[in-house]
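Fold and contact review
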Amino acid sequence: MNILVCIKEVPDDSVAVSVKDGKADISGITPVVNAFDTYSLEMAVRLKEKEEGQVVVASIGNEDVKNSLKNCLAVGADKAYLIKYDDYRNLDTKGISEILKEAIKKLEEECGAFDVICFGKETTDAEASQVGVYFANKSDLGLVTSVIEINKEGEKLISKQEIDGGYRQVETKMPCVLTISKPDYEPRYPTIKSKMAARRQKIEDIEVAVNLDLILEEIKDFEPEKRKAGIKINEEDLEVSVKKAIALMKEQKVL
């Protein structure tokens with residue numbers, strides 16, 4: 001199987017982000033591979049190990065993104081490509097999809113046609129859940145969203161899809177596009193040996209020329225409202241405490 005995993009580098013979501021001049025201040029926050037993209041890569045590598053083939057990773061960005069791509073090589077990807085675009089953080093859904101579409105044409109010239117193209121179901125910075133869907137639509141490929149398990153049966157891909165209230169099994173022809181949710185396992189950790197091998201591996205650059213019209217614009221960021229301290233009721237008598245609590249709730253019009 002020939003699998004492409006598209007990743008995005010995002011600010012580490014375990015670090016609190018403040019807002020400065022109407023924009024999220026991410027300076028000083030270490031960039032990492034988007035969490036859902038790490039699940040996507042792990043799922044792709046597991047499928048490759050069962051069915052044989054290769055896993056290729058690609059990301060839009062500048063030279064700094066190569067560190068994240070090397071991390072992907074260290075946990076099972078076979079090849080990695082940087083789609084060069086310095087202003088990648090300001091791209092919208094359409095821009096990302098158009099760049100990927102052109103870049104994948106070049107990738108397939110080098111790596112062969114892809115059977116499956118994987119995206120994380122969303123990114124932890126934008127949380128839009130749009131790129132995989134938009135890309136599949138523009139590329140006229142079958143799409144399964146929120147996938148937590150994949151298996152190949154003959155020429156078809158069998159996906160377990162997470163839906164409200166449960167799961168369903170979806171059968172698709174290949175090539176197809178998947179957006180990956182969190183599976184029942186965690187991504188593997190790199191070994192010292194795999195890190196050393198990834199460090200030596202070359203990451204190729206891809207350049208594409210596309211005319212981009214902005215369709216979405218981020219106007220302003222807001223910090224969430226600070227939670228106010230609660231009211232403590234310290235009455236010794238339980239009945240008095242309940243009456244006081246009810247009175248307070250009525251006062252706040254929550255009853």
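Rules and cut-offs
- Residues numbered from 1 in each chain as written.
- Predicted model: local features only at pLDDT ≥ 70, side-chain atom pairs only at ≥ 80, totals over all residues.
- Heavy atoms only, no water.
- Phe/Tyr/Trp six-rings, centres within 6.5 Å; stacked < 30°, edge-to-face > 60°.
- Helix = DSSP H or I, 4+ residues; strand = E, 2+ residues; numbered from the N terminus.
- Buried < 20%, exposed > 50% of the residue type's maximum accessible area, 1.4 Å probe, protein only.
- Salt bridge = Lys/Arg side-chain N within 4 Å of Asp/Glu carboxyl O.
- Axes fitted to C-alpha atoms, helices over the stretch in contact; angles between N-to-C directions.
- Parallel < 35°, antiparallel > 145°, perpendicular 65-115°, else oblique.
- Left-handed = near helix turned anticlockwise from the far one by under 90°.
- Contact = heavy atoms within 4.5 Å.
- Nonpolar A, V, L, I, M, F, W, Y, C, P; charged D, E, K, R; others polar.
- Disulfide = S-S within 2.5 Å.
- Pairing = 2+ DSSP bridges.

The name given to the chain in an unreviewed UniProt entry is Electron transfer flavoprotein small subunit, with Peptoniphilus koenoeneniae as the source organism.

Within this structure, the stated rule accounts for two aromatic pairs. Here Phe36 and Tyr39 contribute two aromatic rings whose centre-to-centre distance is 5.7 Å and whose plane-to-plane angle is 80°, an arrangement assigned as edge-to-face. With Phe36 and Tyr39 both in helix α1 (residues 35-51) and three residues apart, the pair spans about one turn of that helix. A single burial state applies to Phe36 and to Tyr39, both of which are buried.

Now for the pattern of salt bridges. Counted under the stated rule, the structure contains 13 salt bridges. Taking the shortest distance from any N to any O, the salt bridge between Lys66 and Glu63 comes out at 3.3 Å. A relative accessible area of 17% means that Lys66 is categorised as buried. We classify Glu63 as partly exposed; its relative accessible area is 40%. A salt bridge links Glu239 to Lys243; the nearest nitrogen and oxygen atoms lie 3.5 Å apart. Pair noted here: Glu239 and Lys243 are both in helix α6 (residues 238-251), with a separation of four residues, about one helical turn. One salt-bridge network, in which partners are shared between bridges, spans Glu42, Arg46, Glu49 and Arg188.

Before going further, it helps to examine the packing of helix α3 (residues 93-111) against helix α4 (residues 131-139). One can describe the packing of α3 onto α4 by two numbers: an axis separation of 9 Å at closest approach and a directional angle of 50°. Here α3 lies oblique to α4, going by the angle between them. Pair α3 / α4 crosses with right-handed handedness. Contacts from Thr93, Lys94, Ile96, Ser97, Leu100, Lys101 and Ile104 in α3 reach Val131, Tyr134, Phe135, Lys138 and Ser139 in α4. Here the contact of α3 with α4 is composed, by residue class, of six nonpolar, three polar and three charged.

You can see Ile231 is positioned in the loop between β13 (204-206) and α6. For Ile231, a relative accessible area of 64% gives the class exposed. Spatially, the C-alpha atoms of Ile231 and Ala245 are 9.4 Å apart, while their sequence positions differ by 14 residues.

It is worth spelling out the state of the cysteines at this point. As enumerated under the stated definition, the model contains zero disulfides in all. In this model Cys6 remains outside any disulfide bridge; the closest cysteine sulfur is found in Cys118, 8.4 Å from its own. Exposure remark for Cys6: the relative accessible area of 5% places this residue in the buried category. Its sulfur unpaired, Cys176 is 7.9 Å from the next cysteine sulfur, which belongs to Cys118. Cys176 gets classed as buried once you look at its relative accessible area, which sits at 1%.

All right, on to the sheet that holds strand β10 (residues 156-163) then. If you trace the nine strands from one edge of the open sheet to the other, you get β11-β10-β9-β12-β8-β1-β6-β7-β13, paired in mixed fashion. Sheet topology places β11 (166-173) and β13 at the edges, where each strand pairs with a single neighbour. Across the sheet, the mean angle from the axis of one strand to that of its neighbour is 35°, orientation sign disregarded. Its contacts with the sheet put helix α2 (residues 66-74) on β1 (2-7), β6 (54-61), β7 (79-84) and β13, and the angle it makes with β7 is roughly 160°.

For the rest of this paragraph, the subject is the environment of Asn137. By the element assignment, Asn137 lies in helix α4. With a relative accessible area of 59%, Asn137 lands in the exposed category. Sequence-wise, Asn137 and Ser97 are 40 residues apart; in three dimensions their C-alpha atoms are separated by 10.0 Å.

The next subject is the pairing of strand β8 (residues 116-120). Counting buried positions over the five residues of β8 gives five, a clear majority of the element. Residue alternation in β8 divides its side chains into two sets, Val116, Cys118 and Gly120 and Ile117 and Phe119, and both sets are buried. Two elements, β8 and strand β12 (residues 176-180), share five bridges in a ladder whose sense is parallel. Within β12, the residue paired with Val116 across the bridge is Cys176.

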